[in-house]
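# Observations on chain architecture
So you can see what is in the structure, the chains are spelled out below.
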Amino acid sequence: MTKHSDHSIEISGLNKWYGDFHVLKDIDLNVSMGERIVICGPSGSGKSTLIRCLNHLEEHQEGTIIVDGVELNNDVKNIEKVRREVGMVFQHFNLFPHLTVLENCTLAPIWVRKTPKKDAQAEAMEYLERVRIPEQANKYPGQLSGGQQQRVAIARSLCMKPRIMLFDEPTSALDPEMISEVLDVMTDLAKTGMTMMVVTHEMGFAKQVADRVIFMDYGEIVEQAAPDEFFNNPKHERTQLFLSQILAH
Amino acid sequence: MSALIKHTPLPDRPPPSSQTGIVHWAKQHLFSSTTNSLLTLASFYVLFLLVPPLVNWALLSATLEGTDRSACEANGGGACWTFIKIRFNQIMFGLYYGSHPEQIWRPVLAFFMLIGLVAPLFIERFSYKGLLAGFILLIFPFIAFALIHGAWLGLPVAETNEWGGFMLTFILSIVGIIAALPLGILLALGRRSELPVVRSFCVFFIELWRGTPLITVLFMASVLLPLFFPSGVDLDKVLRALIGITLFQSAYTAEAIRGGLQAIPKGQFEAADALGLAYWEKMTFIILPQALKISIPGIVNTFIELFKDTTLVSIIGLLDLLNMSQTAAQSAEWRGYDTEAYIFAAFIFWIFCYGMSRYSQNLETKLDRGHKN
Ligand SMILES: Nc1ncnc2c1ncn2[C@@H]1O[C@H](COP(=O)(O)OP(=O)(O)O)[C@@H](O)[C@H]1O
Ligand SMILES: [Mg+2]
């Protein structure tokens, strides 16, 4: 069933509306295996909507989205298949507050991947070590700081051994002193060759990690380029304006 | 590097004493303004008029001695608690157990078994909740029935039409609430379903029962239900009431749970979806545990309502706590002591309802605190 191509994600002619509101307009985007993409743009420009379409948290009305060789349509089987291979990290972490950190990490592997509980726990501990909080395994999310919670959320996604990771402003809800601990974990992850799509305004992270930076405005991809080119030599007026605003402070 | 100034935080001090103490409390709560002071004085006056005669009647000049009405008549004036004492078993356990006190251990044992089984469900770290809940739902009812009804295990038979009193009130409401729970969960989920057919059916079902008074439901359960069964099948009267009560209660439970479901942030659903959990996995492990916890105060409140509403089963000829008290007061031996009967029934209802209401308030405060971190 899985078609082999060197593209992890293929989006073509993607259009989406909320009621009458045209939120995504003619999006064409291919993401190669192992590519790391940073998406930026003003608030309300459709960045979240775009990456949420990639695991079908949002439904699109026009165009095709093929993720890891599986086309996202209304076939529930396909949606399940894609979600197994795509991890997502949210702005507000969305950890399960009634489960311990370890249970947060093992639930999906046990039920979706059918991993035996013992193995799932051992693997979860490995990932918790990778995000540097193995000692918090038996605490509840409410007992952790924001930065720690977000790292647990990353570990929870990684426990499903996804081939693609989506991040929606993972550091926007964090106090400033906790941002770097999360970005460090994401940088480590980038080094493992994970395909990543990251919505963020952390331009330092973009410069250091991204292969390509995409600028969105009013539901369109306005400009995309390698970070060097993007930051030093933006082609579009809107990109320039946005960069000057975001880099001003 | 030059030496840095070290900062020692100030120690905490207790609040000033004018903020504490009984005088301060009275000032704040009873005499904070002229209106408030007047209301306080008026309330004290009303209490002064009501409480002493009541205490006198119910306690000081009441009768508890003796075994028949002559003791009360000799004493005159006060309440005749002798009546309640002598008819206690009948009022609490109904006609059969009232006249077979040596068998009362059976319903009592069933009651404590239930408490013992339910208690572990409230222990946070108890990990076999599902299994235990299944046992309570599917197996315990048969054990309880075998105990209370008898016939099995060689116990003398207590026909259901001789069940009554507090025992019947308790059975009707506890079975109602427990059986309504799974049904209510399904209805609440169905009401939020994306499938229009399922959603419409659940909305229709819920609104049907919510729009019908329990008394009508009981009436229909006793008159209409037998029509759905082949003639000759004689549906037990208590069972008929239970079916009606369960369906009725499931609608209210569903609404309480729907409130809980609505309180779960969208992010929880999305995180579960993004991890690839299927619908029932998402609901069972992520959404329902959180939603049910939030719904407990609401469910307890509907339970209190139901507990009191079970008095309506008199309409189909069942003698619950209230009606059994009344019946006892209408016997030749104790004619005329209705007041005592009503007050005793009210007292038992009050103890249970107040206890449950306090419990649900405690829970609400606890949950509020839980949500803040
Ligand atoms: N569920 C929704 N219903 C209607 N409008 C929505 C919904 N979600 C987002 N929008 C609108 O779509 C636009 C794009 O949203 P979003 O993708 O979240 O933007 P971004 O992530 O770039 O800030 C915004 O104007 C937002 O108000
Ligand atoms: Mg967004």
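## Quick notes on the sheet that holds strand S9 (residues 212-217) of chain A
All names here are of chain A.
- One open sheet accounts for six strands, arranged S6-S7-S8-S3-S9-S10; its pairing is mixed. The open sheet terminates on both sides in strands that have one partner only, identified here as strand S6 (86-89) and strand S10 (220-225). Pairwise comparison of adjacent strand axes, ignoring direction, gives a mean angle of 20 degrees for this sheet.
- Sheet topology note: the S9/S10 ladder contains five bridges and is antiparallel. Directly across from Val213, in S10, lies its bridge partner Ala225.
- Relative to the sheet, helix H5 (residues 146-158) contacts S6 and strand S7 (164-168), its axis offset from that of S6 by approximately 170 degrees.

## Comments concerning the site of ligand 1
Residues and elements named next belong to chain A.
- As a matter of local geometry, ligand 1 sits amid Tyr18, Phe21, Val23, Pro42, Ser43, Gly44, Ser45, Gly46, Lys47, Ser48 and Thr49.
- In this structure, an oxygen atom belonging to ligand 1 sits 2.8 Å away from a side-chain N or O atom of Lys47.
- Contact with the protein chains removes 59% of the 560 Å² of surface that ligand 1 exposes when unbound.
- The set of elements that each furnish at least two residues to the shell around ligand 1 consists of strand S2 (21-32) and helix H1 (47-53).
- For the shell around ligand 1, the element with the most residues is H1, which contributes three residues.
- Here the shell around ligand 1 is built from residues that sort into four nonpolar, six polar and one charged.

## Concerning unusual backbone geometry
Residues and elements named next belong to chain A.
- Of note in this structure, Asn94 is not a glycine but carries a positive phi near 55 degrees.
- Along the chain, Asn94 falls in the loop between S6 and helix H3 (101-111).
- Exposure remark for Asn94: the relative accessible area of 12% places this residue in the buried category.
- Even without being a glycine, Lys114 presents a positive backbone phi close to 60 degrees.
- Relative to the helices and strands, Lys114 resides in the loop between H3 and helix H4 (117-130).

## Observations regarding the state of the cysteines
- One pass over the structure, following the stated rule, counts one disulfide over all chains.
- What pairs with Cys72(B) in a disulfide is Cys80(B), and their sulfur atoms sit 2.0 Å apart. Here the S-S torsion is close to 70 degrees, and the disulfide linking Cys72(B) with Cys80(B) is therefore right-handed.
- Judged by its relative accessible area of 1%, Cys80(B) is buried.
- Unpaired in this structure, Cys40(A) has its nearest cysteine sulfur neighbour in Cys53(A), at a distance of 19 Å.
- A relative accessible area of 0% means that Cys40(A) is categorised as buried.
- Not engaged in a disulfide, the cysteine Cys105(A) finds its nearest cysteine sulfur in Cys159(A); these two sulfurs lie 4.5 Å apart.

## Some points on the interface of chain A and chain B
- The interface is formed by 23 residues belonging to chain A together with 18 residues belonging to chain B.
- When chain A packs against chain B, the two sides together hide about 1,800 Å² of surface, and 63% of this comes from carbon and sulfur.
- Counting the contacts that link chain A with chain B gives one salt bridge.
- A salt bridge links Glu270(B) to Arg52(A); the shortest N-O distance between them is 2.7 Å.
- Linking chain A with chain B are five residue pairs in polar contact (both at pLDDT 80 or more).
- Those elements giving two or more residues to the side of chain A that touches chain B turn out to be S6, H3 and H5 of chain A.
- A total of three residues in the side of chain A that touches chain B trace back to one element, the largest contributor, which is H3(A).

## Observations concerning the domain arrangement of chain B
All names here are of chain B.
- Split by domain assignment, chain B resolves into domain 1 (95-158) and domain 2 (167-367).
- Distance between the C-alpha centres of domain 1 and domain 2: 19 Å.
- Each side of the interface is counted separately: domain 1 has 10 residues, and domain 2 has 10 residues.
- Summing both partners gives a buried area of about 730 Å² for domain 1 against domain 2, and 87% of it is carried by carbon and sulfur.
- If you look at where domain 1 meets domain 2, you find zero salt bridges.

About the cut-offs
- Residues numbered from 1 in each chain as written.
- Chains lettered and ligands numbered in written order.
- Predicted model: local features only at pLDDT ≥ 70, side-chain atom pairs only at ≥ 80, totals over all residues.
- Heavy atoms only, no water.
- Pairing = 2+ DSSP bridges.
- Helix = DSSP H or I, 4+ residues; strand = E, 2+ residues; numbered from the N terminus.
- Axes fitted to C-alpha atoms, helices over the stretch in contact; angles between N-to-C directions.
- Contact = heavy atoms within 4.5 Å.
- Near = heavy atom within 4 Å.
- Polar contact = N/O pair within 3.5 Å; in protein donor to acceptor, adjacent residues only side chain to side chain.
- Areas by Shrake-Rupley, 256 points an atom, 1.4 Å probe, with all protein chains shown as cover.
- Nonpolar A, V, L, I, M, F, W, Y, C, P; charged D, E, K, R; others polar.
- Buried < 20%, exposed > 50% of the residue type's maximum accessible area, 1.4 Å probe, protein only.
- Disulfide = S-S within 2.5 Å.
- Buried area = accessible area lost by both parts, 1.4 Å probe.
- Salt bridge = Lys/Arg side-chain N within 4 Å of Asp/Glu carboxyl O.
- Domains from an automatic or database assignment.

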